[in-house]
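Chain by chain, the residues run as shown.
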Amino acid sequence: MKTVTLAGAALLLSTLAASAWEPTKSVEIIVPFGPGGASDQMARTIQAIIQKHGLSKESFIVVNKPAATGGEAMMDIKKSLRDPHKLITTSSTIYMTPLATKLPVSWQDFTPVAMVAQDEFALWVNNESPYKTLPDLAAAAKTASPPLKIGGGGSKREDELITFGVFSELNTPISYIPYKSGGEASTQLAGNHIAAETNNPSEDVANWRAGLTRPLCVLSPQRMSYKTKITADMSWNDVPTCGEQGLKFNYNMLRGLFMPGNVTPEQQAYYVDLMKKVVETPEWKEYLERNALLPDFRSGQAYVDFLTADEAKHKDLMAKAGFLSTN
Amino acid sequence: MENISLLLEGFQVALTWHNIAFMFLGVLLGIVVGVLPGLGGPNGVAILLPLTFSMEPTSAIILLTSIYWGALFGGAITAVLFNIPGEPWSVATTFDGYPMAQQGRAGEALTAAFTASFVGAIAGVVLITFLAPLVAKFALRFGPAEFFAVFFLTFCSFIGMGKENKAKIVVSLSLGFLLAGVGIDTISGDMRMTFGVGELMNGFDFLVVVIGMFGVSEILLTLEEGLEFKGKKARIDPIVVLRTWMQMPLYFMTFVRSCLAGIWLGISPGGAVAASFMGYGLAKRFSRRGKKFGSGEIEGVIAPETAAHAAGTSALLPMLALGIPGSATAAVLLGGLMIWGLQPGPLLFVEQKDFVWGLIASMYLGNMVGLFVVLATVPLFASIMRIPFALIAPVILMVCAIGAFTVANSSFDIWLMLIFGAVGYAFKKLDYPLAPMVLALVLGDRAEDAFRQALIGSAGDLSVFMDNGLVATLMIISFALLLWSPISELIGRLLRRPAVAAE
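Residues numbered from 1 in each chain as written. Chains lettered and ligands numbered in written order. Predicted model: local features only at pLDDT ≥ 70, side-chain atom pairs only at ≥ 80, totals over all residues.

**A short note on the overall build of chain A**
Stage number 1. Along chain A, the regular secondary structure elements total 11 helices and 11 strands.
Stage number 2. For chain A, whose C-alpha radius of gyration is 20 Å, the value lies close to the compact-globule estimate of 20 Å for 327 residues.
Stage number 3. Here the C-alpha coordinates of chain A stretch approximately 65 × 50 × 30 Å along the principal axes.
Stage number 4. Residue burial in chain A is summarised as follows: out of 327 residues, 55% are buried.
Stage number 5. Pairs at least 24 residues apart make up 78% of the contacts formed inside chain A by residues separated by at least 6 positions. (Helix = DSSP H or I, 4+ residues; strand = E, 2+ residues; numbered from the N terminus. Rg over C-alpha atoms; globule rule 2.2 N^0.38 Å. Buried ≥ 20, exposed ≤ 12 C-beta atoms within 10 Å, placed from the backbone. Contact = placed C-beta atoms within 7 Å.)

Put into structure tokens, the structure is as follows:
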């Protein structure tokens, strides 16, 4: 916790004085997932923006470290104390992996840089299914035998956590079917092999536009802001929130960056400042809209507060769902 | 034929001087990347992705797919020369390719492998050209039960058609399943068999195991036989390509069988690895020279390479049409598409016609360029065999270690590679086949996931595997193949018995 408060205080100072530190060699952006996924795309978009706008004299390199579901990448950052040439991208796995596996690492070992966006989740059904609203699906789930099949990417990860959150509140039994990725879940829904699934907008938008699947409701507290039509008559903004259909549970997932612990405040300030410039570019806004991400830039204490609250929420939900590591 | 006119327009997009230059560049880079095991297609494409951001999407994807083709071709080079499969689907290529190289016929083996890859790839592209929309719809019919049936079919045909001792195949297969189970389980999200070792959480990477079991164990075996300071007597023969081509028409049926098997496994989601093994198995079963497979038969190189590339290419179709990557490299390409603002999915064919048909045209052209480039390098690669083993062995070992490390940037994998080198050595000494273990390692956890997903959905009812025509047919064929040899033996005996009685 000490590094975090120190860093927060330092940030205040450094915004007053112009950041004096600059990288002296190429910077690694470590992605704790394999190439091609959402985290990887974000890192490569940031890399492309920095390159295109000449935001740094040194080059930025994306390194994928998918080993141990990101655990190895996190351990690597933990061990790289004082190394100002390393960044790591994160999503909610930054709390979920340690909680689920007892890996001795926490985001508090790192220096927070910034949250650059939040990812949305929606509940999706096949376009030809009879369910028009969440209560329709809940009613069908109450009587279905064998229980309705709800798909998602991965087991005991955010998709299953959301499924647990939704259907434990609705108090209906379901069978959660874990697939390797959100994309696979989307295809399985398009082929009518499952009744519904949870997915990020970007993982399902292709099938939605093709008339194969459709969003039932979005799990964010507010509707998405994007008003460009995605299908003939619907935009992201037209998708109701699950809250509007009576659900209390909501979920968003952070997308942010960290660096190793014990770096100097000037070094931290440099990257905060760099990310501020990145999120101002038209390419970044395009990236956000394309993936229907929630624009939400936070740094300094605001980022730390968010992380603290979000981790507590995950711990509580994972405990209820029985996903915490027991050994 | 609307597709043909669209394809011709595609050729116009792809056939500009700078695009052709990109193809050559991409193929060359791809070969380099493919020759280094572990660096492999996905990493190669990922490393070069940023270079393409400032290019227009069509040129960029042409460059990247050319790297992909180059890497596919390159994977066969190390498989033939050093018994190290550069890509998962090159494993079956080593069975006959490596013995050929040892007999001084490396040039012939490489030519056969490259030509076969080309034929397979073109068969796949032709399919994409004409059947794209139909195939995309067919792929949607695959739920967990159907997925499992396809994998089951592959395993059964392996046991049923294998000529080795059946018990040893099953033992090897089972060990592969065991290894595939290590790491995080997709279905429960729990750790299995990691014994608290963090490095094991992601399981055994296929490439690390294969580099050890094939590459390192081969070096151990050669060392045991005594260090020969003489190089293999490989003749450098500039017309080896033409001579090998003269033989090709003899293997027409092998090409046809492998193309069909490859296309089938490419569009049903069995993938290139299963296809390469099935292509090899089919050729072994139906070829007149099947008994000699494994001792350096050119047909044994042609069959798996054709099938793997037919599958690998037709697997790009689900990627474009459904947005589902068929392989790690395809996943990176997919990420690239999205960064350029293209949304892979059913509408890509409707909304981005220029791009899609430019890409398809570049598949034809990229493979032609690839074939040209690799064939030109055959004498060069074949001459590597002339370097004395004592000199080249440390280099191979180093390349292996680098390859194992690059898979996940983890030094633990180098130790794993060495351990699997010892395991592979023991397998070969005890005369256990390595291939079934490799197959089970690659497909084992996917088969298991599909099996359990199907059963979760049906609440444990096994009848889900007989639920519809598609899955039932696949299961019945599987059992027929599994029991093929006992049944055919039984029929043989029944037919013979009346004859005996009559005497």
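**A few points about the overall build of chain B**
Stage number 1. Scanning chain B from N- to C-terminus turns up 22 helices and 2 strands.
Stage number 2. A buried classification covers 56% of the 503 residues belonging to chain B.
Stage number 3. Restricting to contacts in chain B with at least 6 residues of sequence separation, those with at least 24 account for 79%.

**Structural notes on the nonpolar core**
Stage number 1. Ranked by size, the top nonpolar core spans 153 residues in total, and within it V80, L110, F148, I211 and A275 of chain B carry the most contacts.
Stage number 2. Residue contributions to this core peak at 17 residues, all from helix α4 (residues 57-82) of chain B.
Stage number 3. Judged by nonpolar contacts, the second largest core, of 91 residues, contains A73, Y95, I194 and Y271 of chain A. (Core = buried A, V, L, I, M, F, W, Y, C linked by C-beta atoms within 7 Å.)

**Thoughts on the sheet that holds strand β3 (residues 86-90) of chain A**
Residue and element names in this part refer to chain A.
Stage number 1. On the basis of which strands lie adjacent, the open sheet formed by 6 strands has the order β2-β1-β3-β10-β4-β11 and mixed pairing. Each having just a single partner strand, β2 (60-64) and β11 (294-299) make up the two edges of the open sheet. Here the strands of the sheet are splayed against their neighbours by 20° on average, with no regard to which way each runs.
Stage number 2. For strand β4 (residues 111-119) and strand β10 (residues 253-259), the ladder comprises 7 bridges, and the chain directions are antiparallel. Bridged to T111 within β10 is M259.
Stage number 3. Across the sheet, helix α9 (residues 265-280) lies against β3, β4, β10 and β11, angled at about 20° from β4, the strand it touches most. (Pairing = 2+ DSSP bridges. Axes fitted to C-alpha atoms, helices over the stretch in contact; angles between N-to-C directions.)

**Considerations on the domain arrangement of chain A**
Residues and elements named next belong to chain A.
Stage number 1. Taken domain by domain, chain A consists of domain 1 (2-119 + 252-321) and domain 2 (122-245).
Stage number 2. Each of domain 1 and domain 2 has a C-alpha centre, and these two points are 29 Å apart.
Stage number 3. Listed by partner, the interface residues are 14 residues for domain 1 and 13 residues for domain 2.
Stage number 4. Contributing elements (two or more residues each) for the side of domain 1 that touches domain 2: α4 (93-101) and α11 (300-321).
Stage number 5. If one sorts the elements of the side of domain 1 that touches domain 2 by residue count, α11 sits on top with 3 residues.
Stage number 6. Of the residues belonging to the side of domain 1 that touches domain 2, the class tally is 9 nonpolar, 3 polar and 2 charged. (Domains from an automatic or database assignment. Nonpolar A, V, L, I, M, F, W, Y, C, P; charged D, E, K, R; others polar.)

**Some thoughts on helix α11 (residues 252-267) of chain B**
Stage number 1. If you check α11 of chain B, its first and last C-alpha atoms are 23 Å apart, about what 16 residues at 1.5 Å a residue would give, namely 22 Å.
Stage number 2. Among the residues making up α11 of chain B, those that are buried are T254, F255, R257, S258, C259, A261, G262, I263, L265, G266 and I267 of chain B. (Expected span 1.5 Å × (residues − 1).)

**Considering the sheet that holds strand β5 (residues 122-126) of chain A**
All names here are of chain A.
Stage number 1. One open sheet accounts for 5 strands, arranged β7-β6-β8-β5-β9; its pairing is mixed. Whereas interior strands pair on both sides, the edge strands pair on one side only; in this sheet they are β7 (175-179) and β9 (213-218). Averaged over all pairs of adjacent strands, the angle between strand axes in this sheet comes to 30°, irrespective of strand direction.
Stage number 2. Where β5 lies against β9, 5 bridges are found, and the strand directions are antiparallel. Bridging across to β9, N126 finds its partner in T213.
Stage number 3. Contacts from helix α5 (residues 134-143) reach β5, β8 (196-199) and β9 within the one sheet, and its direction differs from that of β9 by about 100°.

**Some details on the pairing of β10 of chain A**
Residue and element names in this part refer to chain A.
Stage number 1. The element β10 is extensively covered by neighbouring structure, given that 7 of its 7 residues are classed as buried.
Stage number 2. Here β10 shows two buried faces, one formed by M253, R255, L257 and M259 and the other by L254, G256 and F258.
Stage number 3. As paired elements, β3 and β10 share 3 bridges and run antiparallel to each other. The residue of β10 that forms the bridge with I88 is F258.

**Considerations on the environment of P215 of chain A**
All names here are of chain A.
Stage number 1. When you line up the elements, P215 lands in strand β9.
Stage number 2. As a C-alpha pair, P215 and R44 span 171 residues in sequence and 28 Å in three-dimensional space.
Stage number 3. Discounting chain neighbours no more than four positions away, the residues touching P215 are A122, W124, W208 and V239.

**Quick word on the environment of K79 of chain A**
Stage number 1. Within the secondary structure, K79 of chain A sits in helix α3 (residues 71-79).
Stage number 2. Residue class for K79 of chain A comes out exposed when judged on the 12 C-beta atoms lying within 10 Å of it.

**A few points about the packing of helix α5 (residues 91-102) of chain B against helix α13 (residues 299-314) of chain B**
All names here are of chain B.
Stage number 1. Running from N to C, α5 and α13 point in directions that differ by 150°, and their axes come no closer than 8 Å. One way to sum up the angle between α5 and α13 is to call them roughly antiparallel. When the axes of α5 and α13 are compared, the crossing they make is left-handed. Here α5 contributes A92, T93, F95, D96, G97 and M100 to the contact with α13, which in turn contributes G300, V301, P304 and E305.
Stage number 2. Residue composition of the contact of α5 with α13, by class: 5 nonpolar, 3 polar and 2 charged. (Parallel < 35°, antiparallel > 145°, perpendicular 65-115°, else oblique. Left-handed = near helix turned anticlockwise from the far one by under 90°.)

**Concerning the confidence of the model for chain A**
Stage number 1. Per-chain confidence: chain A averages 88 in pLDDT, with 92% of residues scoring 70 or above.
Stage number 2. Confidence, expressed as mean pLDDT per element, reaches its minimum in chain A at helix α1 (residues 2-16) of chain A with 50 and its maximum at β5 of chain A with 96. (pLDDT = per-residue confidence, 0-100.)

**Here's the deal with unusual backbone geometry**
Trans peptide bonds make up most of the peptide bonds, and negative phi angles are found at most residues other than glycine.
Stage number 1. In this model, S145 of chain A is joined to P146 of chain A through a cis peptide bond whose omega is -5°.
Stage number 2. Locating P146 of chain A in the fold gives a position in the loop between α5 and β6 (149-153).
Stage number 3. Backbone geometry at N192 of chain A places phi at a positive 65°, although glycine is not the residue there.
Stage number 4. Tracing the sequence through the fold places N192 of chain A in the loop between α7 (182-190) and β8.
Stage number 5. Positive phi, close to 65°, is recorded for N83 of chain B, a residue that is not glycine.
Stage number 6. The topology assignment puts N83 of chain B in the loop between α4 and α5.

**Some details on helix α6 (residues 158-170) of chain A**
All names here are of chain A.
Stage number 1. For α6, spanning 13 residues, the distance from its first C-alpha to its last is 18 Å, which sits close to the expected 18 Å at 1.5 Å a residue.
Stage number 2. Of the positions making up α6, those classed as buried are E158, D159, E160, L161, I162, T163, F164, G165, V166 and F167.
Stage number 3. Contacts made by the buried residues of α6 are with β5, β6, β7, β8, β10 and α11.
Stage number 4. Backbone geometry just downstream of α6 places N171 in the positive-phi region, at approximately 60°.

**Looking at the environment of L288 of chain A**
Residues and elements named next belong to chain A.
Stage number 1. Examined against the element boundaries, L288 turns out to sit in helix α10 (residues 282-290).
Stage number 2. Once the C-alpha coordinates of L288 and M42 are considered, the two residues, 246 residues apart in sequence, prove to be 9.6 Å apart.
Stage number 3. Other than its neighbours up to four places away in sequence, L288 contacts A117, L293 and P295.

**As for the packing of helix α12 (residues 271-286) of chain B against α13 of chain B**
All names here are of chain B.
Stage number 1. Look at α12 against α13: their axes get within 7 Å of each other, and the N-to-C directions meet at 145°. With respect to the hand of their crossing, α12 and α13 are arranged in right-handed fashion. Contacts between α12 and α13 involve G271, A272, A275, S276, M278, G279, Y280, L282 and A283 from the former and E299, G300, A303, P304, T306, A307, A308, A310, A311 and G312 from the latter.
Stage number 2. Here the contact of α12 with α13 is built from residues that sort into 12 nonpolar, 6 polar and 1 charged.

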